[in-house]
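Descriptive structure summary
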Amino acid sequence: MAMLEFLIPVVREVGKFLLQRLGNVQSIQLKGHANLVTEMDRRSEEHLIRAIRARYPNHAILSEEAGALAGGSGQPEWILDPIDGTTNYVHGLPYFCVAVALRHGLQVQAGLIYHPYIDELYWAERGRGAFLNGRPLRVSATPRLEDALLATGFPSDLSRAPDTNVEHFLALMPKTRALRRLGSACLDLCNVAAGRLDGFWQPTMLIWDVAPGAIIIEEAGGEVTDFAGKAGAYEGNIAASNGKIHAALVNLLQRG
Ligand code: IPD
Ligand code: CA
Ligand code: CA
């Protein structure tokens, strides 16, 4: 918690501020076909960046809307998604969050995700476990893909996604209990860590959609890999699970 602690009141405050405008955002722009950004993404981002810069002026920051802000050489990097689930947010669907990860070199060291609508705060630090509102998290015990509830997502920018995920969706649907498309990858990963979902996959993911939740899953006893089953992947084609169904999931994704 040491590195993350100062950000907890900040993400709570940002979350409260976002709730005031849920479904009632004035300024909405398109970054691509159906890829939205709002004034609230930018305001949330400004708030997070200001807080991190005040505490760690030499750290680097990589944020979805602001891009890369350089830090001192060899310094840790904060990875930010100021609203994950912007489309839900714009439509007033209360499944969105504020997501932060901390990376040292290539290794993600910590993750913090806040779901303001139901006041759930998730965090993890490498080697120290994963927590939801202070309670330890554990992935589900579901042993078979046939009994698994999985979520997925579709890349927002289809122009940079040769894999639209439709084939994988069709391949997995009859092999699982049910599939969901909820609209916030970071929260989906938290729900895998909490044992409410047994797994998640999505092609062509960006680092801020993966890193915050991936470490929370790993620290809750689950697995995060690419579609070939290689660990340490925090962007691109991502498969995450409780570990027990992972081989079966990856096997289908490889063939899809
Ligand atoms: C999106 C959400 C969505 C996922 C997309 C992401 P955004 O993030 O996480 O669930 O399927 O790939 O881009 O744009 O709301 O931050
Ligand atoms: Ca996102
Ligand atoms: Ca976002």
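About the thresholds
Residues numbered from 1 in each chain as written. Chains lettered and ligands numbered in written order. Predicted model: local features only at pLDDT ≥ 70, side-chain atom pairs only at ≥ 80, totals over all residues. Heavy atoms only, no water. Donors = N, O, S within 2.8 Å, 3.2 Å for Na, K, Ca; no water. Helix = DSSP H or I, 4+ residues; strand = E, 2+ residues; numbered from the N terminus. Buried < 20%, exposed > 50% of the residue type's maximum accessible area, 1.4 Å probe, protein only. Expected span 1.5 Å × (residues − 1). Arc of directions from axis to C-beta. Contact = heavy atoms within 4.5 Å. Near = heavy atom within 4 Å. Polar contact = N/O pair within 3.5 Å; in protein donor to acceptor, adjacent residues only side chain to side chain. Areas by Shrake-Rupley, 256 points an atom, 1.4 Å probe, with all protein chains shown as cover. Domains from an automatic or database assignment. Buried area = accessible area lost by both parts, 1.4 Å probe. Salt bridge = Lys/Arg side-chain N within 4 Å of Asp/Glu carboxyl O. Pairing = 2+ DSSP bridges. Axes fitted to C-alpha atoms, helices over the stretch in contact; angles between N-to-C directions.

1. With respect to the coordination of the calcium ion (ligand 3)
Note on the calcium ion (ligand 3): its protein donors are Glu64 (OE), Asp81 (OD) and Ile83 (O). The metal-donor distances range over 2.2 to 2.3 Å. Along the chain, the residues that donate to the calcium ion (ligand 3) are spaced as E-x16-D-x1-I. Between the calcium ion (ligand 3) and the calcium ion (ligand 2), the interatomic distance is 3.7 Å, and Asp81 donates to each metal, bridging them. You can see Glu64 sitting in the loop between strand 3 (60–63) and strand 4 (67–69) and its partner Ile83 sitting in strand 5 (residues 77–84), a full 19 residues away along the chain. Owing to a relative accessible area of 21%, Glu64 belongs among the partly exposed residues under this scheme.

2. Quick look at unusual backbone geometry
You will see that Asn133, though not glycine, has its phi angle at about 45°, which is positive. Within the secondary structure, Asn133 sits in the loop between strand 9 (130–132) and strand 10 (135–136). With phi around 80°, Asn165 is a residue other than glycine that occupies positive phi space. Here Asn165 lies in the loop between strand 11 (149–152) and helix 4 (166–172). Assessed through its relative accessible area of 0%, Asn165 is described here as buried.

3. Let's talk about helix 1 (residues 8–20)
Spacing of three or four residues puts side chains on the same side of an α-helix, whose turn is 3.6 residues. Here helix 1 contains 13 residues, and its C-alpha end-to-end distance of 19 Å stays within 8% of the 18 Å for a straight helix at 1.5 Å per residue. Those residues of helix 1 lying buried are Ile8, Val10, Val11, Val14, Gly15 and Leu18. Considered in projection along helix 1, the buried side chains sweep an arc of 160° and stay on one side of the axis. Turned more than 90 degrees away from the buried face of helix 1, the exposed residues are Lys16 and Gln20. In the core, the buried residues of helix 1 are packed alongside helix 2 (39–55), strand 5, helix 3 (86–91), strand 6 (97–104), strand 7 (107–115) and strand 8 (120–125).

4. Here's the deal with the site of ligand 1
As a structural note, the neighbourhood of ligand 1 is formed by 16 residues, with Asp84, Gly85, Thr86, Ser156 and Gln202 the closest of them. Here an oxygen atom of ligand 1 and a backbone polar atom of Phe154 are 3.3 Å apart. Separating an oxygen atom of ligand 1 from a backbone N or O atom of Ala185 is a distance of 3.0 Å. Surface burial for ligand 1 is 92%, taken as the share of its 380 Å² of free accessible area covered by protein chains. Ranked by the residues each element gives to the shell around ligand 1, the list is headed by strand 5, at three residues.

5. Some thoughts on helix 2
Helix length check: helix 2, at 17 residues, gives a terminal C-alpha distance of 25 Å against a target of 24 Å (1.5 Å per residue), a fit within 8%. Those residues of helix 2 that fall on the buried side of the exposure criterion are Glu39, Met40, Asp41, Ser44, Glu45, Leu48, Ile49, Ala51 and Ile52. Of the residues that open helix 2, the one with a side-chain oxygen 3.0 Å from the backbone nitrogen of Met40 is Thr38.

6. Let's talk about the environment of Leu112
Its place among the elements puts Leu112 in strand 7. Residue classification places Leu112 among the buried positions, given a relative accessible area of 0%.

7. Comments concerning the domain arrangement of the protein
Assigned domains within the protein: domain 1 (2–136) and domain 2 (145–255). Placing the centre of domain 1 and that of domain 2 at their C-alpha centroids yields a distance of 20 Å. Taken residue by residue, the interface counts 35 residues in domain 1 and 24 residues in domain 2. Interface of domain 1 and domain 2: buried area, both sides summed, is about 2300 Å²; carbon and sulfur atoms make up 66% of it. A per-residue breakdown of the area domain 1 buries against domain 2 is headed by Tyr95, Ile113 and Tyr122, which together make up 25% of the total. Taken together, domain 1 and domain 2 are joined by two salt bridges.

8. Quick look at the sheet that holds strand 7
Within the open sheet, the eight strands sit side by side as 4-3-5-6-7-8-9-10. Their pairing is mixed. Of all the strands in the sheet, just strand 4 and strand 10 have a single pairing partner and so form its edges. Both strand 3 and strand 4 contribute to a ladder of three bridges, which runs antiparallel. Among the inter-strand pairings, Ile61 is bridged to a residue of strand 4, identified as Leu69. Here helix 2 sits on the sheet in contact with strand 3, strand 4, strand 5 and strand 6, set at roughly 155° to strand 5. The strands touched by helix 6 (residues 207–219) are strand 3, strand 5, strand 6, strand 7, strand 8 and strand 9; relative to strand 7, the strand with the most contacts, the crossing angle is about 95°.

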